[in-house]
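Next come the chains, spelled out residue by residue.
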Amino acid sequence: MSTVLLAARPAPPARPAAPALPVWAPRVPALAALALLPWLAVLAVCHETAWVALDLCELTALLRLDALLRRRSPAALRPAWVVALLLAGDALADIGTAGPGLPLLAALVMAGCVELPLAALCLALGRRAAGAR
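Since the structure is predicted, the reported quantities are computational estimates derived from the model, not experimental observations. (Residues numbered from 1 in each chain as written. Predicted model: local features only at pLDDT ≥ 70, side-chain atom pairs only at ≥ 80, totals over all residues. Heavy atoms only, no water.)

Caption draft 1: Representation of helix H2 (residues 49-70). Taking 1.5 Å of rise per residue, 22 residues should cover 32 Å, and H2 covers 31 Å from first to last C-alpha, within 8% of that figure. For H2, the complete set of buried residues consists of Val52, Leu54, Asp55, Glu58, Leu59, Ala61, Leu62, Leu65, Asp66, Leu68 and Leu69. Tucked inside the fold, the buried residues of H2 contact helix H1 (28-45), helix H3 (77-97) and helix H4 (102-131). Once H2 finishes, Arg72 follows within two positions and takes phi at roughly 55°, a positive value. (Helix = DSSP H or I, 4+ residues; strand = E, 2+ residues; numbered from the N terminus. Expected span 1.5 Å × (residues − 1). Buried < 20%, exposed > 50% of the residue type's maximum accessible area, 1.4 Å probe, protein only. Contact = heavy atoms within 4.5 Å.)

Shown next as structure tokens:
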């Protein structure tokens, strides 16, 4: 007769809870889309066609994300990723095409204070919506 020693497997470590988002956070994509409108007008007047196209894509993705967040749809994760990728690409393109000195500093400040934090917030909103099934 053989004796089998059964050992209980340790439970997997619990995932840390995601930090709570402020109540106003789901409205940020709509506000960001609204804030893009005057900037789009400036770019259009300056005949910056490529930047207008990129910012129109961002505007569309932000509005789509906002619509899905308002419905509390778990499908909000994909548009959140699209917004984040567009914003990160915009930040990278701004930094890469900025001239030395003040234009580069302005691009870095916009990336660090607006575009990348907005991208992170949109991802957090999308993840929260996807987890709220």
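Caption draft 2: Molecular detail of the layout of surface pockets. Here the largest pocket defines a volume of roughly 560 Å³. Secondary-structure elements contributing two or more residues to the lining of the largest pocket are H1, H2, H3 and H4. Counting residues per element, the lining of the largest pocket draws most heavily on H4, at seven residues. (1 Å grid on protein atoms, 1.4 Å probe; cavity = no way out; pocket = protein on both sides within 12 Å on 5 of 7 lines; lining within 4 Å. Points joined across faces, edges and corners; volume = space filled by probe spheres on them.)

Caption draft 3: Broad picture of the environment of Pro29. Take Pro29: it is sitting in helix H1. Exposure remark for Pro29: the relative accessible area of 0% places this residue in the buried category. The spatial distance from the C-alpha of Pro29 to the C-alpha of Ala61 is 9.0 Å, given a sequence separation of 32 residues. Non-local contacts of Pro29, meaning those with residues more than four positions away in its chain, are made with Leu62, Leu65, Asp66, Leu69, Cys122 and Leu125.

Caption draft 4: Region of the structure containing a nonpolar patch on the surface. On the surface, Leu31, Leu34 and Leu37 cluster together to form a nonpolar patch covering roughly 310 Å² of accessible area. Relative to the helices and strands, Leu37 resides in helix H1. (Patch = residues over 30% accessible without salt bridge, like charges linked within 9 Å, V, L, I, M, F, W, Y side chains within 5 Å. Areas by Shrake-Rupley, 256 points an atom, 1.4 Å probe, with all protein chains shown as cover. Salt bridge = Lys/Arg side-chain N within 4 Å of Asp/Glu carboxyl O.)

Caption draft 5: Molecular detail of the packing of H1 against H4. Orientation of H1 relative to H4, taken along the N-to-C sense of each, is 145°, at an axis distance of 10 Å. Mapping the contact onto sequence places Val28, Pro29 and Ala32 in H1 and Leu118, Leu121, Cys122 and Leu125 in H4. The class makeup of the residues in the contact of H1 with H4 is seven nonpolar, no polar and no charged. (Axes fitted to C-alpha atoms, helices over the stretch in contact; angles between N-to-C directions. Nonpolar A, V, L, I, M, F, W, Y, C, P; charged D, E, K, R; others polar.)

Caption draft 6: Highlighting H1. Helix length check: H1, at 18 residues, gives a terminal C-alpha distance of 27 Å against a target of 26 Å (1.5 Å per residue), a fit within 8%. For H1, the principal kink sits at Leu37 and spans about 30°; a proline, Pro38, occurs within the next four residues. Val28, Pro29, Ala30, Ala32, Ala33, Leu36, Leu40 and Leu43 are the residues of H1 that are buried. Each element contacted by the buried residues of H1 is listed here: H2 and H4. Note on H1: the residue one or two positions beyond its end, His47, has a positive phi of about 60°. (Bend = angle between axes of the 7 residues up to and from the residue.)

Caption draft 7: How the structure looks around the packing of H2 against H3. H3 packs onto H2 with a crossing angle of 155° between their chain directions and a minimal axis gap of 9 Å. By the angle between their axes, H2 is roughly antiparallel relative to H3. For the pair H2 and H3, the crossing hand works out as left-handed. Residue-level inspection shows Trp51, Leu54, Asp55, Cys57, Glu58, Ala61, Leu62, Arg64, Leu65 and Leu68 of H2 in contact with H3, the latter providing Pro79, Ala80, Val82, Val83, Leu86, Leu87, Asp90, Ala93, Asp94 and Thr97. (Parallel < 35°, antiparallel > 145°, perpendicular 65-115°, else oblique. Left-handed = near helix turned anticlockwise from the far one by under 90°.)

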